[in-house]
Structure formats: C-alpha cells, structure tokens
2 protein chains.
Amino acid sequence: MARVDFPRWQESIQKRIESALEAYLPNANSPPVRLHQAMRYVTLAGGKRVRPLLCHAAGEIFSAPLTTLDQLSSAVEMIHVYSLVHDDLPAMDNDVLRRGKPTCHIQFDEATALLVGDALQSLAFYVAAQPIADVTPEKQLAMLSLLANAAGSRGMAGGQAIDLEATGESLEIVELEFMHVQKTGQLIQAATLLGAHAGNAQPMDIQNLAHFANRIGLLFQVVDDILDAEASTHALGKTAGKDADSNKATYLTLLGAKSAHVLAEGLREEAHEALSSFGDNALRLHQLTDYIVARKS
Amino acid sequence: MARVDFPRWQESIQKRIESALEAYLPNANSPPVRLHQAMRYVTLAGGKRVRPLLCHAAGEIFSAPLTTLDQLSSAVEMIHVYSLVHDDLPAMDNDVLRRGKPTCHIQFDEATALLVGDALQSLAFYVAAQPIADVTPEKQLAMLSLLANAAGSRGMAGGQAIDLEATGESLEIVELEFMHVQKTGQLIQAATLLGAHAGNAQPMDIQNLAHFANRIGLLFQVVDDILDAEASTHALGKTAGKDADSNKATYLTLLGAKSAHVLAEGLREEAHEALSSFGDNALRLHQLTDYIVARKS
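What counts as what
Sequence positions are assigned chain by chain, starting from 1 and proceeding in written order. Here the convention is simple: chains get letters from A, ligands get numbers from 1, in the order in which they are written. Whole-chain, interface and lining totals are the exception, using all residues; otherwise, since this is a predicted model, local features are given only for residues with pLDDT of at least 70 and side-chain atom pairs are given and counted only at 80 or more. Under the DSSP-based scheme used, a helix requires at least four consecutive residues in state H or I and a strand at least two consecutive residues in state E, with every element numbered from the N terminus. Based on C-alpha atoms, the radius of gyration is set beside the globule rule, defined as 2.2 Å times the residue count to the power 0.38. The burial criterion counts other C-beta atoms lying within 10 Å of a residue's C-beta, which is placed from the backbone; the residue is buried at 20 or more, exposed at 12 or fewer, and partly exposed between these limits. We call two residues in contact when their backbone-placed C-beta atoms lie within 7 Å. Superposing the copies works by least squares over the C-alpha atoms of residues that have pLDDT at least 70 in both of them. Here, a nonpolar core denotes buried Ala, Val, Leu, Ile, Met, Phe, Trp, Tyr and Cys residues that are linked to one another through C-beta atoms within 7 Å. Charged means Asp, Glu, Lys or Arg here, nonpolar means Ala, Val, Leu, Ile, Met, Phe, Trp, Tyr, Cys or Pro, and polar covers whatever is left, Gly included. As a rule, the C-alpha atoms of each element are fitted with a line to give its axis, helices using only the stretch in contact, and angles between N-to-C directions run from 0 to 180 degrees. In these notes the angle categories are as follows: under 35 degrees is roughly parallel, over 145 is roughly antiparallel, 65 to 115 is roughly perpendicular, and the rest is oblique. In this scheme the crossing of two helices becomes right-handed for a clockwise turn of the near helix relative to the far one and left-handed for an anticlockwise turn of less than a right angle. Given a helix with a known number of residues, its expected span is that number minus one, times 1.5 Å.

A. Structural detail: the overall build of chain A. When helices and strands are counted, chain A shows 15 helices and two strands. The C-alpha atoms of chain A give a radius of gyration of 18 Å, which matches the 19 Å a tight globule of 297 residues would have. C-alpha extents for chain A along the principal axes are approximately 50 × 50 × 35 Å. Looking at chain A residue by residue over its 297 residues, the buried ones come to 53%. The long-range fraction of contacts in chain A, counting pairs at least 24 apart against all pairs at least 6 apart in sequence, stands at 72%.

Here it is in structure tokens:
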C-alpha cells in the first residue's frame, strides 16, 4: 500500500486531533464562560501533538480504527496540556510563554489556570471512559487504569515532584533518568500503548512497544535539554535557557553537549531496534523517532 | 433486621473508608516521598466523610457489597479532598486551616499542594477503574463518566470558577443555587448515585435518588453558610467568618439568618419526601439528612 510522506501524514493526524479536541471541549459560550474559554485557549493552541502522533502510529501497526485513536489521543493530550498549564504556574516553573503565546495564568489569571488544569484532567478521563467499539469494556477499564497511573504520583505528577525537589541539587545521571521516565516517559508510553491496545495488540507486541516508548521518552527529554540550551526563545515558542537560569540538572549540565548528542543518537538507534518485529507496519513510529531527534522546537 | 444506631453506623463506615483510603494511597516511604506524605496528610486527616456516608447509605438500599461501596466512596472522597487542597491555595481561597490542621501548602509548600491535588485526582480515577464484581464493565465505565462529569467544568471545577467570578458581585438566589449545584451538589449526587448503581438500582430509583441528592447538596451548603456565620473557628476546624470577610454572596447574606433557617428546614423535608418509595431501606439516608442539618462543623 502506497503511503503518504511523513509530513503529510503528520499534518493529517494533527488535523484529526485538533477536530477531536475541539469537539470534546465544552463550548466557549456555555457557562462558566471564562473557564471554558481558557480550556479552549490552552488546548487548541496547536503544539506538536507528539503523544497523539505516537498513539496513532502505534495503532496503525494493528489497524486500530482512526476514530478510536482520536478518542484515546485526545484523552492523553488533555492530560499533557493540563500538566503544562500547572507547570507554568508561579508556584512551579513560573513561565510566561508557551507555544509562542502568553501562558494561561498570564492570559487569564492564576485561579483560572488552576481550574483549567483540574477540569482538563477530569475531561480526559471522561473522554477515555466513553464507549469504544472493537475494545471490550474490561479492556477499556484496564486502559483507563494505565492512563491514570501514568498521570499520577508514580507517573507524570510524581516526576514533576522529583524535578522540583531536585532543582538546585546535584543529581546523578540515574536519578535524572528516573525523574524523566516518570515526568515525561510514562505518558509517552501510555500514548503508545493505548494506541496498540486499541488494535488489540498481543502481550509480546505491548512489551516491545513499551521498550520502544521508554527509549523515545528519554530521547525526547535529551533533545529537549539540548534545544533549551542551543535554540532561541523565538524558535522554541517558550522561554529558552530556563534550565541553566534555574540551576536545573539536565543531560547537558551532567554530560556536556557532545555526550548529550551521543546519548541521543544511541537512544534513537535503540528505539528503531525495538520496532524490528513490526517490519514495515511500524513505518510511522520509525519516522516519528527521527522526527523527535530532528525537531527544532 | 435490627440495625445499630446512627452514630455507630456512621463510625463503622468512617473506619471502613479510612482503611480503604489508607490502602489505596501510595506508601509514605515510596518515592517521591514528600508528595506521597503530603497526599496522605490531606487524605487521612479525618473529616466527616459525608460523600462516602451517602454512597454507603444509598448502596445499602439495594444491598450493594460493602467493599464495592468502599472503592467507589474512596474515589469520590479523593476528588473531594483534591478540591479542598486546591481551593485552599493562595490563588484561590488562601486558607491556612483545614480540619483543625495547617492546610497542605502551609504544612508543605504551594508546588507540593498543587501536585497533591493533581495526583489525587488521577488516583481517584485509577481507583474507580479497578474491577468491580457484580457490576458489568459497561456500567462501570458509565459510572466513571458520571464521576468525571461531576468533577469537571460542568460540575465541581466549574462551580468553583463561578464562585470565583461571583466574589464581590451581587448574586441572585437562582445564580447562587446554580453555583452550589455545580460546586458541591454534583459530587454529592455522584456519591449517592454511584452507591445506588453499585447495587444495580433501577432507573426510577436513580431518578428519586438524584432528586434527593440535589436537595441534600443544597441543604449541605445552606447549613455551611449558617455555620460559617454562627460557629467559631475552633468548632469548625477551619477559618470561620470567611464569607463575610471576603464579601461572598451566601444564603445568609441574600436571605438573612431567619429565612436561611426556614430554607434549610424546607430542603430537609423535601429530601425526606424524595425517599418515600424506599421505605425503611432508606433509614440511613433519612438519618444522614437530619445529621447534615444538626452538625456543628
């Protein structure tokens, strides 16, 4: 089967996700209006949609229905977006710029940003609980557990807590990795595995994809650290150089630029290898792996 | 069947809930330690456990298994507790005292309080998604949707947004009621209906209980407003007189003390009437209704 090139595939999925998110979000005119406007402001602000792309790419291996992947991707992306809104708050990273626009608490206010994050998390689980054809309800409950676990204190929120505790501390590379596996890796893994489960992937496939996603999650973070140090605020659409300014341990500060690039290359290769059993069906995951390395923001 | 008196029943359910929450919460020694300690600090701080009591009382009508009610009650209570932690933050109500102890951001710090709320919400949905005997997975997904909806922008979080917007504004009584139905009423209703669904209640029963819970939710708030004005900080375990200080519209400020007491009595009677079809099986819900009026904190 002839397939469109990667940029066109990427764009088509991003459009699907934008439409799906748009449909799931409450109408901007329904009360509470300010809260709903803010929820739409932060969620429909574009972004790379890396997690939805991974979910779709993994689902494609097993011919999962696209509408199911849209639904699961939307739930994962809402969790991701809520975490950005809360992370940007003054009590956390205190950032004013996100995707080239004022952060939620700057555009609206702190209380609204807090509630936007809270309500987006609720909506994510609401979306994940809506009936899915071709997946048994038992399995869907297990998929929802996987998402909740990836978002919680042993996943994303826990990683953020470790990150906060570690700011200004000297971390070992294994501690940094543990932090990133929780903070970024688990939700990336959840996105990938939910896509695979939507296509009723077998346990061995899930195991291979879990390993792939683990490598991709770290790769994503190493590249993020490199970009934070080397790219401009303009190119990133968020404040560059924040890590150095806030005295955060990063792969750059621990390894130096050269070794960080070598680490990224090693992770990239391991990610590709983890997909070997899927052959050509994993084309999009291979392409996404290279895209994560090559991205400029 | 002879039944224990209300205080003993209440105490036995509170003990069950405390144990269930304790078991669901991450161990205080597992990393991230500070986050997990804070999650336990806010969740295991006692409290009246009104929502778990409603869930158990409604489930009892339909002979729902107690362990199922413990599970669902825990999920609802985690949503409630997370909302208290976020509401107490400086960007929201800026409160320092809760259940007689320092609030989470005072005892720990703001960033931790933010993450405690976030992680508790994730954990609530994780708990709600764990397998339940005697309830079909389809139905459990619908129950989870009900909980997510009650927590989100059209429920609790939305009510909080309306409350924030309304502070300092003059509200009509219907607007105040709409705000409370969202902010407090929907989660109280969810607690009640989840208990009933756990016992496979029929649609007509659900309809009656939904009406009961709507009255109870408002009753709870009217009594809260009365207590805020008339009780001491010591008796409440949280700062008294906050409403007047922050120029908030309450049933007291809109109606005056005498009419607020009359309104409470009317709601109490309507709540009892809504239970008429359940006969003696609804004993605990009748008792809870009177307890909500008679409570001193």
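B. Expanded view of the relation of the copies chain B and chain A. For the pair chain B and chain A, the best superposition has an RMSD of 0.0 Å and corresponds to a rotation of 180° with a translation of 0.0 Å parallel to the axis. Given the turn and translation reported, the copies of this chain are related as if by a two-fold rotation axis. Measuring from the rotation axis to each C-alpha of chain B, the shortest distance belongs to P137 of chain B, at 2.6 Å. Mapped onto chain A, 98% of the interface residues of chain B again fall at the interface, so both copies present the same surface.

C. Spotlight on the nonpolar core. V116, L147 and L194 of chain A together with V116, L147 and L194 of chain B are the most contacted members of the largest nonpolar core, which totals 182 residues. Looking at which element gives the most residues to this core, the answer is helix α6 (residues 110–129) of chain A, with 14 residues.

D. Structural detail: the interface of chain B and chain A. Contacts between the two partners involve 44 residues from chain B, matched on the other side by 43 residues from chain A. Listed by contribution, the elements that provide at least two residues to the side of chain B that touches chain A are α2 (33–43), α6 (110–128), α7 (137–151) and α8 (156–166) of chain B. The element best represented in the side of chain B that touches chain A is α6 of chain B, accounting for 12 residues. Residues that form the side of chain B that touches chain A fall into these classes: 25 nonpolar, 13 polar and six charged.

E. Region of the structure containing the packing of α8 of chain B against helix α9 (residues 173–198) of chain B. All names here are of chain B. Where α8 meets α9, the closest approach of the two axes is 7 Å, and the angle between their N-to-C directions is 150°. With respect to their mutual orientation, α8 and α9 come out roughly antiparallel. Pair α8 / α9 crosses with left-handed handedness. Between α8 and α9, the residues in contact are M156, G158, G159, Q160, I162, D163 and A166 and M179, H180, Q182, K183, T184, Q186 and L187, respectively. Counted by class, the contact of α8 with α9 contains five nonpolar, seven polar and two charged residues.

F. Here's a closer look at helix α3 (residues 50–61) of chain A. Residue and element names in this part refer to chain A. With 12 residues, α3 extends 17 Å from end C-alpha to end C-alpha; this agrees with the ideal 16 Å at 1.5 Å per step. Of all 12 residues in α3, 11 are buried; the element is thus mostly enclosed. What α3 keeps buried is the set R51, P52, L53, L54, C55, H56, A57, A58, G59, E60 and I61.

G. Structural detail: unusual backbone geometry. Residue P32 of chain A follows P31 of chain A across a cis peptide bond; omega there is 0°. For P32 of chain A, the location among the structural elements is in the loop between α1 (6–24) and α2 (33–43). Of note, the phi angle at R49 of chain B is positive, near 60°, even though the residue is not glycine. Mapping R49 of chain B onto the fold places it in the loop between α2 and α3 (50–61). The class for R49 of chain B is buried, based on 22 C-beta atoms found within 10 Å. In this structure, D134 of chain B is a non-glycine residue whose phi angle is positive, near 70°. For D134 of chain B, the location among the structural elements is in the loop between α6 and α7. The exposure class of D134 of chain B is exposed, given the 11 C-beta atoms found within 10 Å.

H. Seen up close, the environment of A45 of chain B. Residue and element names in this part refer to chain B. Examined against the element boundaries, A45 turns out to sit in the loop between α2 and α3. On the neighbour-count criterion, A45 (15 C-beta atoms within 10 Å) is partly exposed. C-alpha of A45 to C-alpha of E22: the two residues are 23 residues apart in sequence and 11 Å apart in space. Leave out the neighbours within four places in its chain, and A45 touches R99 and K101.

I. Structural detail: α7 of chain B. Relative to the 21 Å expected for 15 residues at 1.5 Å per residue, α7 of chain B spans 21 Å between its end C-alpha atoms, a close match to the ideal helical length. Buried-residue contacts for α7 of chain B involve α6 and α7 (137–151) of chain A together with α4 (66–87), α6, α8 and α9 of chain B.

J. Local environment of the environment of S276 of chain A. Note that S276 of chain A resides in the loop between α14 (257–274) and α15 (283–294). Put simply, S276 of chain A and H286 of chain A are 10 residues apart on the chain and 9.9 Å apart in space, counted from C-alpha to C-alpha.

K. Up close: the packing of α4 of chain B against α9 of chain B. Residue and element names in this part refer to chain B. Orientation of α4 relative to α9, taken along the N-to-C sense of each, is 165°, at an axis distance of 10 Å. Of the possible angle classes, the one that applies to α4 and α9 is roughly antiparallel. The two elements α4 and α9 cross, and the hand of that crossing is right-handed. Of the residues in α9, those touching α4 at T68, L69, L72, V76, I79 and H80 are L187, A190, A191, L194, G195 and A198.

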